[in-house]
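Understanding the architecture of this molecule
In case you want the letters, here they are:
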Amino acid sequence: MSKLKPGKSPGRDNIHPEFVIHQSTTTSGWLCAFYTSCYQRLKLPKTWRRASVIALPKPNKPAEDPKSYRPISLLCVPFKILERMIHSRIEPVVDSQLPREQAGFRRGRSTADQVTLLCQDIEDSFQDNEKAGVVYLDLTAAYDTVWHRGLHLKLMRTTPDRHMVKFIMETLYNRSFILQTSSGQCSRLRRLKNGVPQGAVLSPILFNVYIHNLPDTASRKYGYADDLAIMLSRPT
């Protein structure tokens, strides 16, 4: 709760971060007990599974093209607190099993590290009179296409707490969203069958688990979430 930032938009329940930041100790105790009940019973309020998506136009893009908009997903604040609690418990276990070349959303790692390492390896190949070839990969709609059954299997292999894995998967099932425009118009309810929620605290680490077992190659890999570069240097 201490990591909440004021001024953020609320989710479907209309609970602002300020409500939680300034709540009494009695309310905090009740909320913690409610989280415990959700975890033990493997159940979540329906409103926590529903997101409000705001479409923001990209600069210099045609307004009539749906691809010209960047979706921003607004989730319920109490649910985001619960996700942070889960994240703090699984991160030490999961992070130690992620490959070294994955720098996305990990402590002490950044895109600058990967760019520096790639540039250094290219420079080293030139110094050795070798040719360096690099291929850059960017997965389309990476978060939206995560296969739930595959993610469940990989979580079972990386996280020893089976009940925790079941609870994490429960937060992903039966999710839905409503698209809202700047003019106040709303779409009909849309249900999600795959993927991890956009804007959710757990989504980055879950995606890292989902792709952590990429096959070994002779090429060097440099990854940041769904962005991947592979490089190979040879005399010819």
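Residues numbered from 1 in each chain as written. Predicted model: local features only at pLDDT ≥ 70, side-chain atom pairs only at ≥ 80, totals over all residues. Heavy atoms only, no water.

Considering the arrangement of structural elements, one finds Gln-198 in the loop between strand S5 (190–192) and helix H7 (203–210). Apart from residues lying up to four places away in sequence, Gln-198 is in contact with Ser-73, Leu-75, Tyr-143 and Asp-144. (Helix = DSSP H or I, 4+ residues; strand = E, 2+ residues; numbered from the N terminus. Contact = heavy atoms within 4.5 Å.)

Here we come to the environment of Thr-236. Take Thr-236: it is sitting in the segment after strand S7 (227–234). Residues Thr-236 and Asn-129 lie 107 residues apart in sequence; the distance between their C-alpha atoms is 9.4 Å.

Its 19 residues place the ends of helix H3 (residues 77–95) 25 Å apart at the C-alpha level, agreeing with the 27 Å of an ideal helix rising 1.5 Å per residue. Arg-89 marks the point of greatest bend in H3, at about 35 degrees, and the proline Pro-92 comes within the next four residues. Those residues of H3 that fall on the buried side of the exposure criterion are Val-77, Pro-78, Phe-79, Ile-81, Leu-82, Glu-83, Ile-86, His-87, Ile-90, Glu-91 and Val-94. Considering only its buried residues, H3 is in contact with helix H1 (17–21), helix H2 (25–41), helix H6 (162–172), strand S4 (175–180) and H7. (Expected span 1.5 Å × (residues − 1). Bend = angle between axes of the 7 residues up to and from the residue. Buried < 20%, exposed > 50% of the residue type's maximum accessible area, 1.4 Å probe, protein only.)

The geometry of H2 relative to H6 is characterised by a closest axis approach of 9 Å and an angle of 100 degrees between their N-to-C directions. As the angle between them shows, H2 and H6 are arranged roughly perpendicular. Of the residues in H6, those in contact with Cys-38, Tyr-39 and Gln-40 of H2 are His-163, Met-164 and Phe-167. For the contact of H2 with H6, the per-class residue count stands at four nonpolar, two polar and no charged. (Axes fitted to C-alpha atoms, helices over the stretch in contact; angles between N-to-C directions. Parallel < 35°, antiparallel > 145°, perpendicular 65-115°, else oblique. Nonpolar A, V, L, I, M, F, W, Y, C, P; charged D, E, K, R; others polar.)

Looking now at the pattern of salt bridges. All chains considered together, the criterion is met by five salt bridges. With its nearest N and O atoms 2.9 Å apart, the salt bridge here joins Arg-106 to Asp-95. Linking Arg-106 in the loop between H3 and helix H4 (111–127) with Asp-95 in helix H3, this pair joins segments that are eleven residues apart in sequence. (Salt bridge = Lys/Arg side-chain N within 4 Å of Asp/Glu carboxyl O.)

Further remarks concern unusual backbone geometry. Residues other than glycine seldom take positive phi values, yet Leu-42 does so here, at roughly 55 degrees. The topology assignment puts Leu-42 in the loop between H2 and strand S1 (50–57). Overall, the relative accessible area of 24% leaves Leu-42 in the partly exposed class. Look at Asn-60: it is not a glycine, yet its phi comes out positive at around 60 degrees. With respect to the helices and strands, the residue Asn-60 is situated in the loop between S1 and strand S2 (69–74). The exposed category is assigned to Asn-60, whose relative accessible area is 82%.

On to the sheet that holds strand S6 (residues 220–224), then. Across the sheet, which stays open at both edges, the three strands sit in the order S3-S7-S6 with antiparallel pairing between neighbours. Pairing within the sheet leaves two strands with one partner each, and these edge strands are strand S3 (131–138) and S6. Across this sheet, the average inter-strand angle for adjacent strands is 15 degrees, counted without regard to direction. H4 rests against S3, S6 and S7 of the sheet, and its axis sits at about 160 degrees to S6. (Pairing = 2+ DSSP bridges.)

The next point concerns the pairing of S7. Pairing analysis gives eight bridges linking S3 to S7, with the strands arranged antiparallel. Paired with Gly-133 across the two strands is Leu-232, which belongs to S7. Where S6 and S7 come together, five bridges link them in antiparallel fashion. Counted as the bridge partner of Tyr-222 is Ala-229 from S7. Count of turn residues in the S6/S7 antiparallel hairpin: two residues, of which Ala-225 carries a positive phi of about 55 degrees.

The next subject is a positive patch on the surface. Residues Lys-3, Lys-5, Lys-8 and Arg-84 make up a contiguous surface patch of positive charge. Structurally, Lys-8 can be placed in the segment before H1. (Patch = residues over 30% accessible without salt bridge, like charges linked within 9 Å, V, L, I, M, F, W, Y side chains within 5 Å. Areas by Shrake-Rupley, 256 points an atom, 1.4 Å probe, with all protein chains shown as cover. Lys, Arg positive; Asp, Glu negative; His and termini not counted. Charge placed at Lys NZ, Arg CZ, Asp CG, Glu CD.)

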